[in-house]
Amino acid sequence: MSSVMGSGQAEVLLSLKEVSVHYGAIHALKNVSFDVHRGEIVTLIGANGAGKTTTLRAISGLTRISGGSILHAGEPISGLPAHRIVRRRICQAPEGRGIFLNLSVEENLDLGAWSSPAPEDLDQDLAEVYELFPRLKERRKQSAGTLSGGEQQMLAIGRALMSRPELLLLDEPSLGLAPQIIERIFEIIQKINRDGKTVLLVEQNALQALQIAHQGIVLETGGIKLSGRAAELLASDEVRKAYLGE
Ligand SMILES: Nc1ncnc2c1ncn2[C@@H]1O[C@H](COP(=O)(O)OP(=O)(O)O)[C@@H](O)[C@H]1O
Ligand SMILES: [Mg+2]
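Rules used throughout
Residues numbered from 1 in each chain as written. Chains lettered and ligands numbered in written order. Predicted model: local features only at pLDDT ≥ 70, side-chain atom pairs only at ≥ 80, totals over all residues. Heavy atoms only, no water. Helix = DSSP H or I, 4+ residues; strand = E, 2+ residues; numbered from the N terminus. Rg over C-alpha atoms; globule rule 2.2 N^0.38 Å. Areas by Shrake-Rupley, 256 points an atom, 1.4 Å probe, with all protein chains shown as cover. Lys, Arg positive; Asp, Glu negative; His and termini not counted. Charge placed at Lys NZ, Arg CZ, Asp CG, Glu CD. Near = heavy atom within 4 Å. Polar contact = N/O pair within 3.5 Å; in protein donor to acceptor, adjacent residues only side chain to side chain. Nonpolar A, V, L, I, M, F, W, Y, C, P; charged D, E, K, R; others polar. 1 Å grid on protein atoms, 1.4 Å probe; cavity = no way out; pocket = protein on both sides within 12 Å on 5 of 7 lines; lining within 4 Å. Points joined across faces, edges and corners; volume = space filled by probe spheres on them. Pairing = 2+ DSSP bridges. Contact = heavy atoms within 4.5 Å. Axes fitted to C-alpha atoms, helices over the stretch in contact; angles between N-to-C directions. Salt bridge = Lys/Arg side-chain N within 4 Å of Asp/Glu carboxyl O. Core = buried A, V, L, I, M, F, W, Y, C linked by side-chain atoms within 4.5 Å. Buried < 20%, exposed > 50% of the residue type's maximum accessible area, 1.4 Å probe, protein only.

Regarding the overall build of the protein chain
At step 1: Counting its secondary structure elements, the protein chain contains 10 helices and 10 strands.
At step 2: Compactness check: the protein chain gives a C-alpha radius of gyration of 18 Å against a globular reference of 18 Å for 246 residues, within 12% of the reference.
At step 3: For the protein chain, the C-alpha atoms occupy an extent of roughly 45 × 45 × 40 Å along the three principal directions.
At step 4: Accessible surface computed for the protein chain: about 11500 Å², of which carbon and sulfur atoms make up 50%.
At step 5: Here the protein chain carries 26 positive and 29 negative side-chain charges, and the mean point of each set is 3 Å from the other.

Concerning the site of ligand 1
At step 1: Around ligand 1, the structure places Tyr23, Ile26, Ala28, Ala47, Asn48, Gly49, Ala50, Gly51, Lys52, Thr53 and Thr54.
At step 2: Between an oxygen atom of ligand 1 and a side-chain N or O atom of Asn48, the distance comes to 3.2 Å.
At step 3: One of the backbone N or O atoms of Gly49 is found 2.7 Å from an oxygen atom in ligand 1.
At step 4: Isolated, ligand 1 exposes 560 Å² of accessible area, and the fraction of that covered by the protein chains is 61%.
At step 5: For the shell around ligand 1, the secondary structure elements donating two or more residues are strand 2 (26-37) and helix 1 (52-60).
At step 6: The residue inventory of the shell around ligand 1, partitioned by class, reads five nonpolar, five polar and one charged.

With respect to the layout of surface pockets
At step 1: Considered as a void within the structure, the second largest pocket measures approximately 320 Å³ in volume.
At step 2: What lines the second largest pocket is Asp125, Glu128, Val129, Glu131, Leu132, Leu161, Met162, Arg164, Lys191, Ile192, Asp195 and Lys197.
At step 3: Looking at the lining of the second largest pocket, the elements that each hand over two or more residues are helix 4 (122-132) and helix 7 (179-194).
At step 4: Per element, the largest residue contribution to the lining of the second largest pocket is five residues, and it comes from helix 4.

Concerning the environment of Ser115
At step 1: On the secondary structure map, Ser115 appears in the loop between helix 3 (105-112) and helix 4.
At step 2: In this structure, the C-alpha to C-alpha distance between Ser115 and Ala160, residues 45 residues apart in sequence, is 9.9 Å.

Details of the sheet that holds strand 2
At step 1: The sheet built from four strands is open, its strands ordered 2-1-4-5 with antiparallel pairing. Edge positions in the open sheet fall to strand 2 and strand 5 (75-76), since each of these has one partner strand only.
At step 2: In the sheet, strand 1 (residues 12-23) pairs with strand 4 (residues 67-72) via five bridges, with the strands oriented antiparallel. Note that in strand 4 the partner of Lys17 across the bridge is Ser69.
At step 3: Contacting strand 1, strand 2 and strand 4, helix 1 runs over the sheet at an angle of about 115° to strand 1.

Examining the pattern of salt bridges
At step 1: Inspection of the entire model under this criterion finds 14 salt bridges.
At step 2: Residue Arg135 pairs with Glu138 through a salt bridge whose shortest N-O separation is 3.7 Å. Placement of both Arg135 and Glu138 in helix 5 (residues 134-138) is noted, with a separation of three residues, approximately one turn of the helix.
At step 3: Asp195 serves as the salt-bridge partner of Lys191, at 3.5 Å between the closest nitrogen and oxygen.

Things to note about the nonpolar core
At step 1: In terms of nonpolar packing, the biggest core is built from 43 residues, with Phe133 and Leu136 touching the most fellow members.
At step 2: Beyond its immediate sequence surroundings of up to four residues, Leu136 is in contact with Val105, Val129, Tyr130, Leu147, Glu151, Met154 and Leu155.
At step 3: Judged by nonpolar contacts, the second largest core, of 27 residues, contains Leu29, Val42, Ile85 and Leu200.

Below you can see the structure in the form of structure tokens.
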């Protein structure tokens, strides 16, 4: 295993090796390889259709890979059913939020705890989510359908946190939100990371994602176009021209 703790670099928590995904004749991911080190925010950026969601779904076990392998803490997880991957503390807040609009905020959060390794600590986990998202506490008895878009996104993230993830997978959390709310969501992602969680953040909002990330990966039509330290990608002419509109 390529864990090199103690030599200045954090452990490789997740590793994709030459991962391919096909949807029928569509080759949606082509030999995608990258590592996520424990404690980092890694952002996967790229245009609509680049394969970002497919990458997250492959990691979560929701989409079958047609080649390569995915390792968690050095052990292969590709091929495991999604519920077994969740139990390895890899949790996704799905694209489109995926919350239950007819249930209350608190009921949605309770449901997130189904795979918690410590369900007896539900109240403590709820308190932590409410501390991170005071708006959700204020609205805990309201049905999720009455929340604003930003609040629903917060609820989706909060629900994922209820399962005590080690690796949090976020699929375009800024999608469709007003600029001020986006800023708030990105601050919260940084706080979650500082609290010890590793984050794989999928975004079309390349500028803001690279600003909070440690590492960045640029996907283009199913393949990795560029990758490196986020600060270096932010400074590169190629990224500035193609993704930051400069
Ligand atoms: N269920 C599916 N069936 C067929 N093609 C799909 C399916 N999901 C995604 N695709 C195709 O795979 C490619 C990558 O899609 P996706 O991973 O959703 O990209 P992104 O999240 O970067 O927008 C696109 O060409 C998309 O049309
Ligand atoms: Mg997507």
